[in-house]
Amino acid sequence: MIRMNCAAELSGSHNSMPERSDRSGEVESGSLDRACGKCLGQGRPVSRKTVMLMLKPDLLDQAKTGTYSFCSAPDCPVVYFDDHGTRCFTVDDLRTKVGLKAKEDPIHLCYCFGFDESHMREEISQTGETTIPETISRLIREGLCACDARNPSGMCCLGEVNKRAKVLRLQLSKTQS
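Rules behind the numbers
Residues numbered from 1 in each chain as written. Predicted model: local features only at pLDDT ≥ 70, side-chain atom pairs only at ≥ 80, totals over all residues. Heavy atoms only, no water. Helix = DSSP H or I, 4+ residues; strand = E, 2+ residues; numbered from the N terminus. Buried < 20%, exposed > 50% of the residue type's maximum accessible area, 1.4 Å probe, protein only. Contact = heavy atoms within 4.5 Å. Areas by Shrake-Rupley, 256 points an atom, 1.4 Å probe, with all protein chains shown as cover. Polar contact = N/O pair within 3.5 Å; in protein donor to acceptor, adjacent residues only side chain to side chain. Phe/Tyr/Trp six-rings, centres within 6.5 Å; stacked < 30°, edge-to-face > 60°. Arc of directions from axis to C-beta. Axes fitted to C-alpha atoms, helices over the stretch in contact; angles between N-to-C directions. Parallel < 35°, antiparallel > 145°, perpendicular 65-115°, else oblique. Left-handed = near helix turned anticlockwise from the far one by under 90°. Nonpolar A, V, L, I, M, F, W, Y, C, P; charged D, E, K, R; others polar.

1. Considerations on the overall build of the chain
- Regarding its fold elements, the chain presents six helices and eight strands.
- Sequence-ordered secondary structure for the chain, helices as α and strands as β, is α-β-β-β-α-β-β-β-β-β-α-α-α-α.
- Classification of the 177 residues of the chain by burial places 41% in the buried group.
- Residue pairs at least 24 apart in sequence account for 54% of intrachain contacts in the chain once pairs closer than 6 positions are excluded.
- Per element, the accessible surface of the chain, about 9,600 Å² overall, is 51% carbon and sulfur.

As structure tokens, this is what we get:
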């Protein structure tokens, strides 16, 4: 079994093998990913623990067992689906918004430390840069993240945060020229 470790991801030692969640909520290595039944996009393994922590209370009984994947397709309403194609949970089934699927503010970027896209957009518009990725990196190194419990994807947000910073810098530089 493999546990989420953002600090290992920062140091480059994160296991790049596909992972799959088992009945206990732990993540096991080496299983094949499945496609989302709605958009046919490739799913990313997510622990059952993450699914349970994200669902609205009245849906918890529906996710008691099974292995789940996270659908990261921005235009697909499905967030989690099980490996048998019998259950899926959509953006409306979660207690929090999924930043990758959100179209309007607040668009969450970092669930552990509360950064959203508006914070980054404001900082870049004022200074031309953002310190948010560096701040998140420092806090991760200090062992203060809880991505497996707070991020709907069950993974570290830093890669997505860096991608979004690059896109926002480019967008804001075009509007200022």
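2. So, the environment of D82
- Structurally, D82 is set in strand β5 (residues 78-82).
- Along the primary structure D82 and S69 are separated by 13 residues, whereas in three dimensions their C-alpha atoms are 6.3 Å apart.
- Other than its neighbours up to four places away in sequence, D82 contacts R34, T67, Y68 and R87.
- In this structure the side chain of D82 is engaged in a polar contact, spanning 2.7 Å, whose partner is the side chain of T86.

3. Describing the packing of aromatic side chains
- Per the counting criterion, the structure on display carries two aromatic pairs.
- Look at Y68 and F89: their rings are 6.1 Å apart centre to centre, the planes differ by 45°, and that puts the pair in the tilted class. Of this pair, Y68 sits in strand β4 (residues 68-70) while F89 sits in strand β6 (residues 88-90), and the two are 21 residues apart along the sequence.
- The class of Y68 is buried, set by a relative accessible area of 0%.

4. Things to note about helix α3 (residues 117-127)
- Of all the residues in α3, the buried ones are E117, M120, E123 and I124. Here the buried residues of α3 occupy an arc of 135° about the axis, which is enough to place them on one side.
- Those residues of α3 that are buried are in contact with β7 (108-110), β8 (115-116), α4 (132-141) and α6 (158-176).
- Following α3 by one or two positions, G128 adopts a phi angle in the positive range, close to 85°.

5. What to know about the packing of α3 against α6
- Axis separation between α3 and α6 bottoms out at 10 Å; the angle between their running directions is 45°. As judged from the angle between their axes, α3 and α6 are oblique. For the pair α3 and α6, the crossing hand works out as right-handed. The segment α3 lies against α6, with E117, M120, R121, I124 and S125 engaging V161, R164, A165, L168, R169, L172 and Q176.
- Residues belonging to the contact of α3 with α6 are distributed by class as follows: six nonpolar, two polar and four charged.

6. A closer look at the environment of K166
- With respect to the helices and strands, K166 occurs in helix α6.
- C-alpha of K166 to C-alpha of T130: the two residues are 36 residues apart in sequence and 9.7 Å apart in space.

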